[in-house]
Amino acid sequence: TAPVVGARLLSGPAAIDAFRTRSRLAGLAHEGGTAEPMLLPRIESGKAVLRHVWVVRTRTGGTPPGQWVGFVDATTGQTLAFHNEVRFAGGTLTAEVDTVPYGGSARRVVALPHATVEGDTGDTLTDSAGAWAIAGDTGPFEVDLHGPRASISDDLLGTVTPAIQSGDHLVTETDFSDDAGDRQAALSAFVFVHEVQDVMGQYAPDVSWIDAQADTTVNVGDSCNAWFDGTINFLRAGNGCRNTGRLADVVYHEWGHGFHYWSLEAGDFDGSLGEGAADVVSMLVTGSPDLAPGFYSNDSQPLRDLENNARYPEDFIQNEGAVHSNGLIFGGAMWELRQRLEADLGTPQGTDTFGHLFATALKAGPDIPGAYDEIVFADDDDGDLANGTPHQCAIVEAFAAHGLGPASGEGLKAEISRFDSVAQGTDKDLVLTVPNPAPECLDVTPTGGRVFWRAGRTGSFTNTALQAGTDIRGVIPTADLSLGTIVEYWVEVDTADGATLRQPVSGPIRPHTFYVGDVLEVGCEDFEDGDGGYTSALLDGVDEEGADDWWWGEPNGDGGDPDHAASGDKVWGNDLGGVIDGQGYNGMYQDAKHNRLTSPTLSTGHYEGVFLRYNRWLQVEDGVFDKASVLADGEEIWSNWATSEENGRDHHLDDAWEPHVLDLGEAADDGKIVLAWDLVTDQGLGFGGWTVDDICLMAPATADNRLGIDDFVAERSGDATVTLSWTHPKHAPVQTVRVVRTRGAWPQDANDGKVVWEGSDVALDTPITVEDDVKRGDLYYAVYASDGEDWLSWTRPGLNAAAVDPKGGVPVDPNDPTVSAKGCSGCAGSGSAPTGLLAGLVGVLIGSRRRRATR
């Protein structure tokens with residue numbers, strides 16, 4: 001007798017769709033669906049009615065499983081009621097864990113995510129909110145702290161499978177005191193791992209470590225420590241320390257090491273930055289600069305504090321044992337940055353911006369001094385750093401407080417046009433500029449400065465004032481320095497912001513160099529066509545894979561090495577990095593090794609005052625620990641700066657290709673030389689080592705060096721003919737070349753003897769052969785060149801002079817002491833002939849019977 005209300009306005013498919021998308025079950029993944037019309041008895045406004053509905057049936061998987069029956073109003077599409085025909089046990093699992101920060105016996109109740117619930121008929125996982133269900137099972141149920149994102153092992157108590165108590169509330173230890181703390185560690189650590197995963201997943205969801213199963217071991221049999229080695233590990237209480245598995249900050253930190261490692265897309269895993277990064281991960285979760293307050297059982301103070309004054313480089317210690325304190329420099333800058341971003345943008349936008357900058361910067365693998373640049377790169381929003389970045393001023397100010405970034409002088413550089421030589425008798429002009437990487441935040445206008453210089457490698461530096469204008473200028477007073485002086489110099493520039501910049505940044509530790517006087521190229525090797533005949537050797541240390549790590553090839557920018565050659569593509573260097581035959585190399589030299597790169601015997605020909613000029617990119621520890629040196633004929637001519645302290649911090653760290661000029665002393669005076677680059681390392685810290693390119697022997701541009709000829713040969717080619725051959729000088733200007741002949745003694749100069757040949761149309765560096773028609777006799781020849789003002793001043797048998805025996809018609813041995821020398825300069829010579837690429841500089845001998853004597 002009840003009245004029928006409503007109307008069947010919806011179709012069956014429309015009713016199914018309404019149930020799947022508009023009911024309280026809309027969040028589930030429904031499968032299939034049927035609809036059947038029905039008049040549903042209901043009480044509405046106190047009266048019985050029959051309402052037009054559709055009976056809709058669907059299925060869902062997951063938690064909980066469902067075979068759903070719903071009643072959908074045929075007029076409005078509203079779901080009036082539903083039930084599940086599948087019977088299951090389930091609920092929402094919670095757990096009591098330690099507080100953050102650690103609160104002793106205090107506890108907090110949280111959902112237990114992604115844990116395994118084990119029943120009689122099977123297992124299931126709780127979801128992120130702790131919900132679980134098992135169809136057709138009535139229990140009892142146990143919980144296994146093992147799931148897709150964390151797996152707990154307990155070295156003290158074994159497998160952790162607590163039973164679910166009434167109300168789905170999990171407690172593994174009712175006594176939360178320190179004495180009973182080991183029993184609580186597994187459950188607390190399990191929750192802490194999921195908490196840090198959830199937070200960091202907001203900032204770097206693409207990092208695989210976020211969703212990876214973190215193998216976690218608690219109650220390891222020691223105390224006062226925790227570590228990451230691909231798994232995360234926590235120690236028992238003892239020796240005045242609490243159980244580290246119960247300290248949320250410590251769990252977040254150790255998991256953070258994995259986050260740092262798996263974030264890397266370039267660069268290297270730097271230990272000091274890694275500790276700071278792991279502290280920042282913990283800080284992102286807790287919101288506090290205090291790391292692990294309560295680490296010690298008798299003290300509530302934090303183990304480390306990111307709200308600090310640690311600065312680079314003053315507080316940075318190059319020692320593996322100091323990575324935690326070094327990390328405070330980066331951690332302090334990042335806490336400062338978070339505070340500034342939250343003040344500028346408000347919370348949570350400031351926190352969110354901070355988290356994304358941090359996660360993005362880690363991908364580049366920076367070290368602590370490089371961290372500022374990577375944070376700025378992460379902040380860039382248009383691919384153009386020249387126009388600044390959205391939050392650059394906050395970054396500049398935060399990092400400056402810890403000795404990093406341009407406002408502190410670190411990374412802000414005065415640029416100078418480097419040079420190899422300066423003409424004798426002139427002062428060297430200096431012009432420097434200071435590019436501003438953050439013009440909206442900094443005023444780096446130069447206000448003054450000083451250039452520090454000295455002649456040679458010993459003695460104190462003299463300083464000369466620089467004058468500021470639109471740029472900064474000054475001179476190095478070299479006018480009174482003698483030819484061949486090698487000058488070392490470095491520069492300080494003061495800016496309007498109060499910063500003092502050095503060029504190079506480490507000043508006297510690795511000063512720039514140049515040569516006084518015009519110079520000539522004796523010979524150069526750029527390694528583009530081959531390895532130059534250079535060889536390497538392991539002189540001391542265990543002979544293992546990569547022990548002799550000198551390579552010829554292209555540098556890869558790993559371990560502090562350059563990512564490009566000084567010229568062309570090829571260099572020689574210690575471990576150039578990259579992947580070879582599937583094996584990856586980090587670009588850094590090995591511990592406890594003595595390696596050496598040695599040149600072939602290089603010719604210096606007739607040149608006097610020969611010096612070395614090459615391009616260097618050297619990264620090596622303070623010379624107290626690791627020694628890099630350059631040798632000439634086995635004798636050291638240069639080595640890196642060494643302090644007198646056992647904990648020396650004055651490392652040689654080139655950050656650009658550096659032209660390096662070195663005096664060879666008398667090593668090249670015998671017409672040849674062997675060069676070597678040496679590296680001796682200790683057991684400790686390491687860097688990228690040597691990278692060298694464009695190795696050149698140079699000489700002062702004196703008249704004798706320019707006009708010298710060093711391959712003159714005289715040979716009889718008949719009873720009345722002597723064949724003479726040589727190569728014209730290679731350096732302009734050359735106006736005249738003349739050959740003279742004497743009898744009984746060597747010619748003294750170009751005007752001593754009979755002129756047998758003279759040419760004024762001289763093609764530089766060109767071989768020439770002429771004949772002298774003369775009968776047997778006592779014949780001495782010499783060839784001389786002139787530039788129009790000066791003639792070659794010396795006569796040297798084996799170089800520009802030769803003789804034929806008056807009896808046998810064979811060349812005279814210039815080393816024979818019975819041969820007289822009429823005014824001869826340096827007539828006698830000795831030594832073996834130079835080999836290698838530069839040997840060609842002594843000239844190309846002509847004819848199969850030609851022989852050359854060396855001086």
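This text goes with the structure placed above it.
Every value quoted in this text rests on a predicted model; they were computed, and no experiment measured them.

(A) The arrangement of the pairing of strand β52 (residues 801-804) in detail. Of the two faces of β52, both are covered, the one formed by Ala-801 and Ala-803 as well as the one formed by Ala-802 and Val-804. In terms of strand pairing, strand β51 (residues 779-786) meets β52 through four bridges, oriented antiparallel. Bridge pairing in β52 places Tyr-780 opposite Ala-803.

(B) Quick look at the packing of helix α3 (residues 248-263) against helix α6 (residues 349-362). Viewed as axis vectors pointing N to C, α3 and α6 meet at an angle of 55 degrees, and their least axial separation amounts to 8 Å. By the angle between their directions, the pair α3 and α6 is classed as oblique. Counting all contacts with α3, which are made through Phe-259, His-260 and Ser-263, the residues of α6 involved are Phe-358, Ala-359 and Leu-362. Across the contact of α3 with α6, the residue classes tally to four nonpolar, two polar and no charged.

(C) Structural context of the packing of α3 against helix α4 (residues 271-286). At a minimum axis distance of 7 Å, the contact between α3 and α4 shows a crossing angle of 125 degrees. Considered as vectors, α3 and α4 are oriented oblique to each other. For the pair α3 and α4, the sense of crossing is right-handed. On α4, the residues touching Asp-249, Tyr-252, His-253, Trp-255, Gly-256, His-257, Phe-259 and His-260 of α3 are Leu-273, Gly-274, Glu-275, Ala-277, Ala-278, Asp-279, Val-281, Ser-282, Val-285 and Thr-286. Of the residues belonging to the contact of α3 with α4, the class tally is eight nonpolar, seven polar and three charged.

(D) Expanded view of the packing of aromatic side chains. Per the counting criterion, the structure on display carries 25 aromatic pairs. For the ring pair Tyr-614 and Trp-677, a centre distance of 5.4 Å and an interplane angle of 75 degrees mean the geometry is edge-to-face. Linking Tyr-614 in strand β37 (residues 611-616) with Trp-677 in strand β44 (residues 675-680), this pair joins segments that are 63 residues apart in sequence. Residue classification places Trp-677 among the buried positions, given a relative accessible area of 0%. Taken together, the aromatic side chains of Trp-209, Phe-228, Trp-255, Phe-259 and Phe-358 make up a single cluster linked through ring pairs. A cation over an aromatic ring shows up here: Arg-8 above the ring of Trp-54, its NZ or CZ 5.9 Å from the ring centre.

Conventions we followed
Residues numbered from 1 in each chain as written. Predicted model: local features only at pLDDT ≥ 70, side-chain atom pairs only at ≥ 80, totals over all residues. Heavy atoms only, no water. Buried < 20%, exposed > 50% of the residue type's maximum accessible area, 1.4 Å probe, protein only. Helix = DSSP H or I, 4+ residues; strand = E, 2+ residues; numbered from the N terminus. Pairing = 2+ DSSP bridges. Axes fitted to C-alpha atoms, helices over the stretch in contact; angles between N-to-C directions. Parallel < 35°, antiparallel > 145°, perpendicular 65-115°, else oblique. Contact = heavy atoms within 4.5 Å. Nonpolar A, V, L, I, M, F, W, Y, C, P; charged D, E, K, R; others polar. Left-handed = near helix turned anticlockwise from the far one by under 90°. Phe/Tyr/Trp six-rings, centres within 6.5 Å; stacked < 30°, edge-to-face > 60°. Lys NZ or Arg CZ within 6 Å of the ring centre and 35° of its normal.

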